[in-house]
There are 2 protein chains.
Amino acid sequence: MDNQKISPETRLAQMIAKLKENEFRITPQRYAVLRILAHSEYHPSAESIYEQLIADYPTMSPATVYKTINLLKKNGEILELEFSEMSNRYDGNRPYPHPHMICTQCGAIVDPPMHDFEKLKSKMMEETGFTISSFRLDFFGLCPDCRKE
Amino acid sequence: MDNQKISPETRLAQMIAKLKENEFRITPQRYAVLRILAHSEYHPSAESIYEQLIADYPTMSPATVYKTINLLKKNGEILELEFSEMSNRYDGNRPYPHPHMICTQCGAIVDPPMHDFEKLKSKMMEETGFTISSFRLDFFGLCPDCRKE
DNA sequence: TTATTAGTTGATAATCATTATCTATTCACT
DNA sequence: AGTGAATAGATAATGATTATCAACTAATAA
Ligand SMILES: [Mn+2]
Ligand SMILES: [Mn+2]
Ligand SMILES: [Zn+2]
Ligand SMILES: [Zn+2]
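Owing to the predicted nature of the structure, the values given are computational and were not obtained by experimental measurement.

A. Main features of the protein's contact with DNA strand C. In the vicinity of DNA strand C, 17 residues are found, and the nearest of them are Tyr66 of chain A together with Thr27, Arg30, Thr59 and Lys67 of chain B. Expressed as a percentage, the sugar and phosphate content of the atoms of DNA strand C within 4 Å of the protein is 76%. A distance of 3.1 Å is found between a sugar or linking oxygen of DNA strand C and a side-chain nitrogen or oxygen belonging to glutamine 29 of chain B. One of the side-chain nitrogen or oxygen atoms of arginine 30 of chain B is found 2.7 Å away from a phosphate oxygen of DNA strand C. Residue assignment for the surface near DNA strand C shows that the elements contributing at least two residues are α4 (62-74) of chain A together with α2 (28-39) and α4 (62-74) of chain B.

B. Main features of the coordination of the manganese ion (ligand 1). Residues and elements named next belong to chain A. Within the first shell, the manganese ion (ligand 1) binds the protein through His43 (NE2), Asp91 (OD), His98 (NE2), His100 (NE2) and Asp111 (OD), at distances of 2.0 to 2.2 Å. All donors of the manganese ion (ligand 1) belong to a single chain; written as a sequence motif, their spacing is H-x47-D-x6-H-x1-H-x10-D. With histidine 98 in the loop between β2 (89-91) and β3 (100-103) and aspartate 111 in the loop between β4 (109-110) and α5 (118-128), the pair connects residues that are 13 residues apart, well separated along the chain. By relative accessible area, which is 5% here, histidine 98 ends up buried.

C. Summary view of the interface of chain A and chain B. Taken residue by residue, the interface counts 39 residues in chain A and 39 residues in chain B. Surface buried jointly by chain A and chain B totals about 3400 Å² across both partners, of which 64% is contributed by carbon and sulfur atoms. Where chain A meets chain B, there are 2 salt bridges. Here glutamate 85 of chain B makes a salt bridge to lysine 73 of chain A, at a shortest N to O gap of 4.0 Å. Top contributing element to the side of chain A that touches chain B by residue count: strand β5 (residues 131-142) of chain A, with 12 residues. When the residues that make up the side of chain A that touches chain B are grouped by side-chain class, the tally is 20 nonpolar, 9 polar and 10 charged. Taken together, the 11 bridges between β5 of chain A and strand β5 (residues 131-142) of chain B define a ladder with antiparallel strand orientation. Within the sheet, the bridge partner assigned to glycine 141 of chain A lies in β5 of chain B and is isoleucine 132 of chain B.

D. Looking closely at helix α2 (residues 28-39) of chain A. Residues and elements named next belong to chain A. The end-to-end C-alpha distance of α2 is 16 Å, a good match for the 16 Å that 12 residues give at a rise of 1.5 Å each. When α2 is considered as a whole, its buried residues turn out to be Ala32, Val33, Leu34, Ile36, Leu37 and Ala38. Buried residues belonging to α2 abut α1 (8-21), α3 (46-53), α4 and β2.

E. Seen up close, the coordination of the zinc ion (ligand 4). Residues and elements named next belong to chain B. Around the zinc ion (ligand 4), the protein supplies Cys103 (SG), Cys106 (SG), Cys143 (SG) and Cys146 (SG) as donor atoms, at distances of 2.2 to 2.3 Å. Metal-centred angles of 105 to 117° between the 4 donor atoms at the zinc ion (ligand 4) mark the site as tetrahedral. In primary sequence terms, the donor set of the zinc ion (ligand 4) follows C-x2-C-x36-C-x2-C. Exposure remark for cysteine 103: the relative accessible area of 2% places this residue in the buried category.

F. Molecular detail of the pairing of strand β3 (residues 100-103) of chain B. Residues and elements named next belong to chain B. Residues His100 and Ile102 of β3 are buried on one face, and the alternating residues Met101 and Cys103, pointing to the opposite face, are buried as well. Bridge analysis of β3 against β5 gives 4 bridges, and the strand direction is parallel. Across the sheet, residue cysteine 103 finds its bridge partner in β5, namely glycine 141. As paired strands, β3 and strand β4 (residues 109-110) are joined by 2 bridges and run antiparallel to one another. By the bridge assignment, methionine 101 is partnered in β4 with valine 110. In this antiparallel pair of consecutive strands, β3 and β4, the connection spans 5 residues, and glycine 107 shows a positive phi of 85°.

What counts as what
- Residues numbered from 1 in each chain as written.
- Chains lettered and ligands numbered in written order.
- Predicted model: local features only at pLDDT ≥ 70, side-chain atom pairs only at ≥ 80, totals over all residues.
- Heavy atoms only, no water.
- Near = heavy atom within 4 Å.
- Polar contact = N/O pair within 3.5 Å; in protein donor to acceptor, adjacent residues only side chain to side chain.
- Helix = DSSP H or I, 4+ residues; strand = E, 2+ residues; numbered from the N terminus.
- Donors = N, O, S within 2.8 Å, 3.2 Å for Na, K, Ca; no water.
- Buried < 20%, exposed > 50% of the residue type's maximum accessible area, 1.4 Å probe, protein only.
- Contact = heavy atoms within 4.5 Å.
- Buried area = accessible area lost by both parts, 1.4 Å probe.
- Salt bridge = Lys/Arg side-chain N within 4 Å of Asp/Glu carboxyl O.
- Nonpolar A, V, L, I, M, F, W, Y, C, P; charged D, E, K, R; others polar.
- Pairing = 2+ DSSP bridges.
- Expected span 1.5 Å × (residues − 1).
- Tetrahedral: all angles 85-135°; square planar, octahedral: opposite > 155°, others 65-115°.

It is worth stressing that arrangement in space is one thing and function is another; only the former is reported here.
Take a look at the structure:
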């Protein structure tokens, strides 16, 4: 329903607007992290963001990347995919729960077309008595590239 | 389809049989961990298992609990629910992927009735080109108890 | 039975992603 | 320019899990 792709520039503007709205400063470091997130399709880790930035921002520290990610979390502008065996991954483009396809070989994470989970959620709520506020759905397997080998 | 509850005793016997089949020893420590897992409905953490055992087995160490869990993982007899913000949780009764309801207040994790995900999986495979071998589906919300407050 | 060998336990140290702490720097506003 | 709050970055701390290794146990052989 809301799964149409918006441009990285638009998304970047959205994130900046939200931070400004809540009176956070858009520092060069934050801007750089936000730009990476808005342009990423592959759900980067904090370390991956740091590595992309260290060339252009020699003083950038991992702590700042983590802090910016946490700021975006507090402002509802990023979706965190938690993992315990590997680093967490982030989606700055779709900061709401949605399914993911995760390649167990190369670690790629992509967004499949969003399907309707409302029916499933309602059924679960009825049958368990839970109030559902969020969900996490990951499919694990091999991406087309890794499949070839 | 295979979601009918079997007795803890039967489940315990199954796990023991699998380990013996693969020529692992059933030590008192392993037996104790398996028994807890077979009798648990609440998806315990490693620490929780350890705490339940330390009274009866004063020499039990957390390392042994972790080792037994990993042994069960290698033998396909336990499902690990990974978390990064809290300890991993384990289901020794249903060691195959299935959805979970997770209470964000008290940490309870329960198994809802299993629904058919084959259709959903097929659709995802067609549309993304992935080969899906596994999935993870968590619903987050408030359990009936926490809801009352 | 005793010896041999491999498997297992449990204490301890190591790992590693993430967070906390603290100081220097930058920014917003006077 | 001056003042106070926000931020950056270096560094230490955290905590669940894993690695290491010596002591113990069990299975088998001599
Ligand atoms: Mn995504
Ligand atoms: Mn379960
Ligand atoms: Zn792949
Ligand atoms: Zn609860």
